[in-house]
Amino acid sequence: MTVMQLIAVAGGLTEFAEGKGISVMRVEGGKTRTFPFDYKNVANGKKPEQNLALKPGDTVVVPER
């Protein structure tokens, strides 16, 4: 499942979600890495590399406006 698929399964973003500030947190080698995700850019076909395939244990953080 990718980040966009996860958002779709969750019912999309609400009016309170900050689509530009989404991040994926992943622990690799004992260190936490953070990957930025800009919903609008990815939805418009820009920066498709941000649409990561999620791995078990990943956390997707969607901040409020």
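The shown structure was predicted, so the numbers you read here are calculated from the model rather than taken from an experiment.

Colleague: How would you summarise the overall build of the protein if you had to cite specific residues and measurements?
Modeller: In terms of regular secondary structure, the protein is built from 2 helices and 3 strands. Overall, the protein shows an N-to-C arrangement of helices and strands of α-β-β-α-β. The C-alpha atoms of the protein give a radius of gyration of 12 Å, which matches the 11 Å a tight globule of 65 residues would have. The dimensions of the protein, computed from C-alpha atoms along their principal axes, are 35 × 25 × 20 Å. The buried share of the protein, taken over its 65 residues, is 25%.

Colleague: I'd like a rundown of the confidence of the model for the protein, residues and numbers included.
Modeller: Per-residue pLDDT for the protein has a mean of 96; in total, 100% of the residues score no lower than 70. Mean pLDDT across the secondary structure elements of the protein bottoms out at helix α2 (residues 39-43), with 96, and peaks at strand β3 (residues 59-61), with 98.

Colleague: Requested: an account of the pattern of salt bridges, with residues and values cited.
Modeller: Within the structure shown, the criterion is met by 2 salt bridges. For D58, the salt bridge is made with R26, and the minimal N-O distance between the two is 2.7 Å. Here D58 is found in the loop between α2 and β3, whereas its partner R26 is found in strand β1 (residues 22-28), with 32 residues between them in sequence. Among the residues examined, D58 registers a relative accessible area of 17% and is labelled buried. Residue R26 is classed as buried on the basis of its relative accessible area of 7%. As a salt-bridge pair, E28 and R33 come within 2.9 Å of each other at their nearest N and O atoms.

About the cut-offs
- Residues numbered from 1 in each chain as written.
- Predicted model: local features only at pLDDT ≥ 70, side-chain atom pairs only at ≥ 80, totals over all residues.
- Heavy atoms only, no water.
- Helix = DSSP H or I, 4+ residues; strand = E, 2+ residues; numbered from the N terminus.
- Rg over C-alpha atoms; globule rule 2.2 N^0.38 Å.
- Buried < 20%, exposed > 50% of the residue type's maximum accessible area, 1.4 Å probe, protein only.
- pLDDT = per-residue confidence, 0-100.
- Salt bridge = Lys/Arg side-chain N within 4 Å of Asp/Glu carboxyl O.

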